[in-house]
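So you can see what is in the structure, the chains are spelled out below.
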Amino acid sequence: FVGASGQLLTKILAAIKVKRDDIYIANILKHRPPENRNPKAEERARSLPFLERQIDIIRPKIIVCLGLVSAQTLLSSKKRLKDLRGSFQPYRNAYELTVTYHPAALLRNPNFKRDTWEDVQKIRARYDALGCTPELPPMGS
């Protein structure tokens, strides 16, 4: 997440009082497809075990899929993004997963910003309910 979409992601996180240093970002693929096209199903299937291993190492309390490709890949779903977002779902019986719009989609279509704001507020509330707030540094540090 670099450029304008990365800057927007940082602003979105800041709005819910989360720093980018407090999150872990992973991609479905470990390479960029030619001409930045959406990854093909076979590319996603080949890369998924590596992503699942990353997730198991990091052990996140919440997984947030940014955009349709990541949501459909992790949920093995063909549903539309608007039908996937707005709730938390179990992922591999070990994690909670939710879906919202990719920052690049927000730059292309500002009408998605209200839905994204609602989503990130739910994420923040769930984050707090799970006790995920980062530890404060010791006094005097």
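Scroll up a little and you will see the structure.
The structure displayed is predicted, hence computed values, not measured ones.

Colleague: Looking at this structure, I do not really get helix α3 (residues 68-75). What am I missing?
Modeller: Note that an α-helix has 3.6 residues per turn; residues three or four places apart therefore point the same way. Burial analysis of α3 places six of its eight residues in the buried class, the great majority of the element. Taken as a whole, α3 has its buried residues at Ser-70, Ala-71, Gln-72, Thr-73, Leu-74 and Leu-75. Packed against the buried residues of α3 are α2 (41-58), β1 (62-66), α4 (81-84), β2 (89-91) and β3 (95-100). Positive backbone phi, at 50°, marks Ser-76, one or two positions downstream of α3.

Colleague: How should I be thinking about the side chain of Gln-72 in this particular structure?
Modeller: One can find Gln-72 in helix α3. A polar contact of 3.0 Å, which involves the side chain of Gln-72, links it to the backbone oxygen of Lys-79. When residues no more than four places from it in sequence are discounted, the contact partners of Gln-72 are Arg-44, Ser-77, Lys-78 and Lys-79.

Colleague: In this structure, what is going on with the nonpolar core? I would like to understand it.
Modeller: Generally speaking, nonpolar side chains in soluble globular proteins are found buried as a group. In this structure, Ile-63, Leu-74, Tyr-91, Leu-97 and Val-99 are the most contacted members of the largest nonpolar core, which totals 26 residues. At the level of elements, α1 (3-15), α2, β1, α3, α4, β3 and α6 (113-129) are the ones that each hand at least two residues to this core. For this core, the element with the most residues is α1, which contributes four residues. Those residues in contact with Ile-63 that sit more than four places away from it in its chain are Ile-55, Leu-74, Tyr-91, Tyr-95, Glu-96, Leu-97 and Thr-98.

Rules used throughout
Residues numbered from 1 in each chain as written. Predicted model: local features only at pLDDT ≥ 70, side-chain atom pairs only at ≥ 80, totals over all residues. Heavy atoms only, no water. Buried < 20%, exposed > 50% of the residue type's maximum accessible area, 1.4 Å probe, protein only. Helix = DSSP H or I, 4+ residues; strand = E, 2+ residues; numbered from the N terminus. Contact = heavy atoms within 4.5 Å. Polar contact = N/O pair within 3.5 Å; in protein donor to acceptor, adjacent residues only side chain to side chain. Core = buried A, V, L, I, M, F, W, Y, C linked by side-chain atoms within 4.5 Å.

Function cannot be inferred from these measures alone, as they are strictly geometric.
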